[in-house]
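Here is what each chain is made of, one letter per residue.
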Amino acid sequence: QVQLVESGGGLVQFGGSLTLSCAASGTIFSAYIMAWYRQRPGKQRELVVDIRSDGISSYADSVKGRFTISRDSVKNTLTLQMNSLKPDDTAIYFCNLVQNDGQLRAYWGQGSQVTVSS
């Protein structure tokens, strides 16, 4: 089992910055993918950015150049630095971890509300 605990988020003005953090604990294998997803009001959950265990990341076009993901594989933490925030970034952000322990499993954080005011 893996537990993901998120922190950060909140209310920020247009153009501002926020940082989200995710701490993973439990049985974590060396090769896994972590990611941030978000669910905007009235829309389906969507991938924001993911990062592989080798450090390669992939961003959604909507956040490229504004968001930065980083991970500490020793501490099993994940961070999302969000700059130049827009009202359209308002969403619940979820931390995600996928690993194969004999079966491919996905784990989710509890979600963090990010609200960007115009």
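Look up a bit, the structure's there.
The rules behind the values
- Residues numbered from 1 in each chain as written.
- Predicted model: local features only at pLDDT ≥ 70, side-chain atom pairs only at ≥ 80, totals over all residues.
- Heavy atoms only, no water.
- Helix = DSSP H or I, 4+ residues; strand = E, 2+ residues; numbered from the N terminus.
- Rg over C-alpha atoms; globule rule 2.2 N^0.38 Å.
- Buried < 20%, exposed > 50% of the residue type's maximum accessible area, 1.4 Å probe, protein only.
- Core = buried A, V, L, I, M, F, W, Y, C linked by side-chain atoms within 4.5 Å.
- Contact = heavy atoms within 4.5 Å.
- Pairing = 2+ DSSP bridges.
- Axes fitted to C-alpha atoms, helices over the stretch in contact; angles between N-to-C directions.
- Polar contact = N/O pair within 3.5 Å; in protein donor to acceptor, adjacent residues only side chain to side chain.

## Here we look at the overall build of the protein chain
Regarding its fold elements, the protein chain presents zero helices and eleven strands. Written out in order from the N terminus, the α and β elements of the protein chain read β-β-β-β-β-β-β-β-β-β-β. Taken over the C-alpha trace, the protein chain has a radius of gyration of 14 Å; the compact-globule value for 118 residues is 13 Å, and the two agree within 12%. By its C-alpha atoms, the protein chain is 45 × 25 × 20 Å across when sized along the principal axes. A total of 118 residues make up the protein chain; the buried ones form 36% of that total.

## Structural notes on the nonpolar core
Leu-4, Met-34, Trp-36, Leu-80, Met-82 and Tyr-93 are the most contacted members of the largest nonpolar core, which totals 27 residues. With near-sequence residues (within four places) excluded, Tyr-93 lies in contact with Glu-6, Leu-20, Trp-36, Tyr-37, Arg-38, Val-48, Phe-67, Leu-80, Met-82, Gly-111, Ser-112 and Val-114.

## Looking at the sheet that holds strand E3 (residues 18-26)
On the basis of which strands lie adjacent, the open sheet formed by four strands has the order E1-E3-E8-E7 and antiparallel pairing. At either end of the open sheet lies a strand with only one pairing partner, and these are strand E1 (2-8) and strand E7 (67-72). The mean angle between the axes of side-by-side strands here comes to 15 degrees, regardless of whether they run parallel or antiparallel. Pairing of E1 with E3 involves seven bridges; the strand directions are antiparallel. Bridge pairing in E3 links Glu-6 to Cys-22.

## Topic: the environment of Arg-38
With respect to the helices and strands, Arg-38 occurs in strand E4 (residues 32-39). Residues Arg-38 and Leu-80, 42 residues apart in the sequence, show an inter-C-alpha distance of 12 Å. Ignoring anything within four residues of it in the chain, the contact list for Arg-38 reads Gln-44, Arg-45, Glu-46, Val-48, Ser-62, Val-63, Phe-67, Asp-88, Asp-89, Ala-91, Ile-92 and Tyr-93. Side-chain polar atoms of Arg-38 contact the side chain of Asp-89, separated by 2.9 Å. Reaching out from Arg-38, the side chain makes a polar contact with the side chain of Tyr-93 at a distance of 3.0 Å.

## Some words on the side chain of Thr-90
Within the fold, Thr-90 resides in the loop between strand E8 (77-82) and strand E9 (91-100). A distance of 2.9 Å separates a polar atom in the side chain of Thr-90 from the backbone oxygen of Pro-87. If near-sequence neighbours (up to four positions away) are discounted, Thr-90 is found in contact with Arg-40, Pro-41, Gln-113, Val-114, Thr-115 and Val-116.

These results come straight from atomic positions and should not be treated as a statement about function.
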